[in-house]
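# Architecture at a glance
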Amino acid sequence: MFQSSPCVPRGLIGILCIALFPMWLSAAPPVLKALEPRGAQRGQALKVTLVGDSLSPGAEISTTLPGAFSRLSSTLEKGESELPLLLQLKEDAPPGLYPIRVRTEDGLSNVLLFAVGTLPETVEAESLLKEEKDRTEKLTNDTPATAEKLAVPITVNGTLVGPDQDYYRFSAKTGERLVFEVDARRAGSAIDPVVHVMTLAGKELAINNDAPGAGVDARAEFTFAQAGEYLVLVHDAKYSDQGQNFYRLKIGSYPYAEFMFPLGGQRGKSVDISLTGGSLAAPVVVKTSLPSDKQTSYFPINLPASSSLPFFFRVGDLPELFEPQAASPEAGSRNSRAGKPPEKKVVESARPVDLPASTVMNGRIGRPGEVDRYRVAVTPSQQWTFEVEAASLGASKLLGVLAVYDAATNKRLALTELGQEAGTNPFSFDTSRNEVDPRLSIRIPKDVNQVTVSLEDLLGRGGTGFGYRLTAFPQPPDFTVELVTPYVNLPEDGTAAIEVLVGRRGYDGPIRLSIPDLPEDLIQQGGNIPAELNPPEDGRAFSLGYLTLTAKPGAKHQPFDLNVWAEATESSSPIRKQVLAPGMVQSIRGLRQKSFKAPWLGTALPMSVANSVPIKIELAKQHVRIVQGGDYALPWKLVKGPQAGGNIKVENPRPTASIKDLRVLRRPEGMEYMEEGTFHILTTYATQPATFDLVMDASRITGMKSERLITAPAVTVEIVPGYGLKLMSEKLAIRPGETVEVKGKIEREPGFAAVVKLQIEDLPQQVTSQEVVIPADQTSFRLVLTAGPNSQPGTFGVRVSSSASLIDRKDNQEFKIRDLKASLDVLAGSAALK
């Protein structure tokens, strides 16, 4: 969504260019750790300090902020750990979150999000106490007695350290309604906030943890019956100690919504979006024209006059429909049926609505107990996918239960719900993309031409906040793929790796990664994800894949966006999709905590060519071909310049797909700081043929800390059978009483000297063939087929089986490959009458 272009603004994109100075070749890329403050009121001018590492004087600031940056001082105030800037925000800047990143000649930094709001802003006084001694010796706001005084309306930029709890004191008028909203996780913080509103005596007036429409962030609303002073308390739900520990507490009398309908729309179209819930007595309609560019998957939607963060509206490519709505809000939708006694009026007739294939249906579970039903025309024996987007989009409370029935018999074909294990039905598997919304992929039975799809809430709930997007489409087993790497720094004359995570949805074959339209001074290697040879029974499997980029000497130092694509190479139908980018990744400490991601930042992968580094891993080969049962020693050498320093270790290759009986051993063992060595790739006869990549890194070891410095270009490894068989014709023919020769070739891998035994199997009655033995120095063979005089005419599937024995192998273990299939026609009439 945002990209750099030196000194040239583009739309809302602004670049601050600062004079470049020569840098030490092995300097590290910049790292952003904090923004001070984390947000500001629109229309204001303020000092913003970027805090981090390697923030050199040559930094460029890349952002979509609606405003302008300028430099405050000619030198850094604290070495390369702080970069002070002046920010002037536009008066009409839309409230929301905007990415900021830094680029130097040593690469790109990570992204942090800066918030633009509508209320006056302040910074929690305790957050300004940098030293621990200041926190204990000076006044803090950790108790009601030491609560920090606020004048509302206000936005407070605060922080929480472990068991910290922040109290604030404010005044309210009689009958005044105030909203207390905490932005944290949505803004990239690791905090899971809780907000309390209470009297000075400690009586709780309102409390919230995880507000509707706000994810894990908190929002409370209260109307004060009496004028006076009150307290608001903010703390982390788990009192955890997080690296990104900031929050933004907003207090004001502003409107806010909890839900949005529809949840998404078609790219390039206009749509009326209804915002409901929260403080709204009636829906507010926002008329929106969606962008047509392919890089936008989410579009921000703001409630007018609100200080809340925007919703993110899903942008897709498929045509869109709306579920027919009943005239009365109490009647629910016209295709609904009460699954259990609802609290509101029951619709007597329930006729499923037609849902065309590959069309998004925007619907809503309008009342408790409602079950929405759709009728879909399908093709027998074809694989179909039925998927829902709802809770994952952040503006719906629906926890969907999705089921598919034979429309003629009402026999259930598949069912899925949150937490249910797939594989209970032989026709279906469930691999939900986001682990919140339901998804089913089923093979349609051979006698079914139409199915009924039902959708309901897991807890039987319903209402205006239970919107969904339902899609049904023919889709063979496929896969998902997303980037693990949020951005890439590629040193000139060096290499960087792009890491992806593949989720299998029934397609278990090989996948190929690629980046089209790369600049001429960049080279891509690797990108081979092998087949999943031992998929789990429930159809769910995940594996890592790698693609490396190498910048040629003299490559232009510039930032640009990469579009990574993944393609199935052995699918019965084409599967090609863009690899999804995370936007940013912020780790969350704690058990089973998932990292925060911001896919709304765009689908592309940011990359920059940076200064070269004085270290390199040299590999003897970039492509290795190993016969099953064989091994290969891959030599490597660490080449270091005088500025490289010591304690640099070449690591073992990164983990790749699980391949049976494959080992990669480092030699020599136990010597961490060797400057040359080998990686031994070992296979057995049981190792399945596959193509995959080995990616090696070198790291600097400092105490218990390991810092990755460089990456070597991917080495592509092919594990292949020692030989293959090829028939001169796969269509064989013979008549009763006849003897014919079947000719073919043995295609041996170089150096594979083995005796091969061959035999034709699955022959029909009275047709025979004897095993033949082919010496190790021969590449052609002849098999003899004999048909008895009473052989029955017909066409039969046969196979040529084989095994090989290596002459120098002491265990006499035989090597086998897949049988070669062929067709045999036994013709009518005897050979004597031909």
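Everything discussed here concerns the structure shown above.
What comes next is a walk through the structure. Chains are numbered independently. Their residues run from 1 in the order of the written sequence. Confidence filtering applies because this is a predicted model: local features only for residues at pLDDT of at least 70, side-chain atom pairs given and counted only at 80 or more, and all residues used for totals across whole chains, interfaces and linings. Neither water nor hydrogens contribute to the side-chain values; these are computed over all heavy atoms in the structure.

## Concerning the sheet that holds strand S26 (residues 311-316)
DSSP bridges decide pairing: two strands pair if at least two such bridges lie between them. Starting at the N terminus, helices and strands are each numbered in turn, a helix being any DSSP run of H or I of at least four residues and a strand any DSSP run of E of at least two. Here we have 3 strands laid out as an open sheet, ordered S22-S26-S25, and mixed in their pairing. At either margin of the open sheet sits one strand with a lone partner, and together these are strand S22 (264-266) and strand S25 (298-301). This sheet shows a mean twist of 35° between the axes of neighbouring strands, independent of strand direction. As paired elements, S25 and S26 share 4 bridges and run antiparallel to each other. The residue of S26 that forms the bridge with Pro300 is Phe312. Note on definitions: angles span 0 to 180 degrees between N-to-C directions of axes, and those axes are lines fitted to C-alpha atoms, for helices only across the stretch in contact.

## Focus on the pairing of strand S61 (residues 715-720)
Relative accessibility under 20% of the residue-type maximum defines a buried residue, over 50% an exposed one, and the middle range a partly exposed one, all with a 1.4 Å probe and only protein chains included. Taken across its 6 residues, S61 has 6 buried, putting it largely inside the fold. Judged by which residues are buried, S61 turns out to be covered on both faces: Val715, Val717 and Ile719 on one side and Thr716, Glu718 and Val720 on the other are all buried. The pairing of strand S53 (residues 623-627) with S61 spans 5 bridges and is parallel. Residue pairing across strands places Val627 opposite Val720, the latter belonging to S61. By the bridge criterion, 5 bridges tie strand S58 (residues 690-694) to S61 in an arrangement that is antiparallel. Bridging across to S61, Ala690 finds its partner in Ile719.

## Considering unusual backbone geometry
A cis amide bond, omega 5°, links Val152 with the succeeding residue Pro153. Inspection of the secondary structure assignment puts Pro153 in the loop between strand S12 (148-149) and strand S13 (154-159). Omega for the bond connecting Phe261 with Pro262 falls within 30 degrees of zero, at -5°, which places this linkage in the cis form. Located in the positive-phi region is Asp210, a residue other than glycine, with phi close to 70°. Along the polypeptide, Asp210 turns up in the loop between strand S17 (204-209) and strand S18 (218-223). In this structure, Asp517 takes a positive phi of about 60° despite not being glycine. Inspection of the secondary structure assignment puts Asp517 in the loop between strand S42 (511-514) and strand S43 (522-526).

## Describing the layout of surface pockets
Lining residues are defined by having an atom within 4 Å of a point belonging to a cavity or pocket. Those points lie on a 1 Å grid over the protein atoms alone, cavities being sets where a 1.4 Å probe fits but cannot get out and pockets being open sets with protein on both sides within 12 Å along at least five of seven lines. Grid points are joined across faces, edges and corners, and a volume is the space filled by probe spheres set on the points. The computed volume of the second largest pocket comes to approximately 1,400 Å³. Along the wall of the second largest pocket there are 40 residues; nearest its centre are Pro29, Tyr487, Asn489, Glu707 and Arg708. Taken together, the elements giving at least two residues each to the lining of the second largest pocket come down to strand S40 (488-491), strand S41 (495-505), strand S49 (585-586) and strand S60 (705-711). Top element by residues in the lining of the second largest pocket is S60. It accounts for 7 residues. For the lining of the second largest pocket, the per-class residue count stands at 23 nonpolar, 10 polar and 7 charged. Just so you know the grouping, Ala, Val, Leu, Ile, Met, Phe, Trp, Tyr, Cys and Pro go in nonpolar, Asp, Glu, Lys and Arg go in charged, and all remaining residues, Gly too, go in polar.

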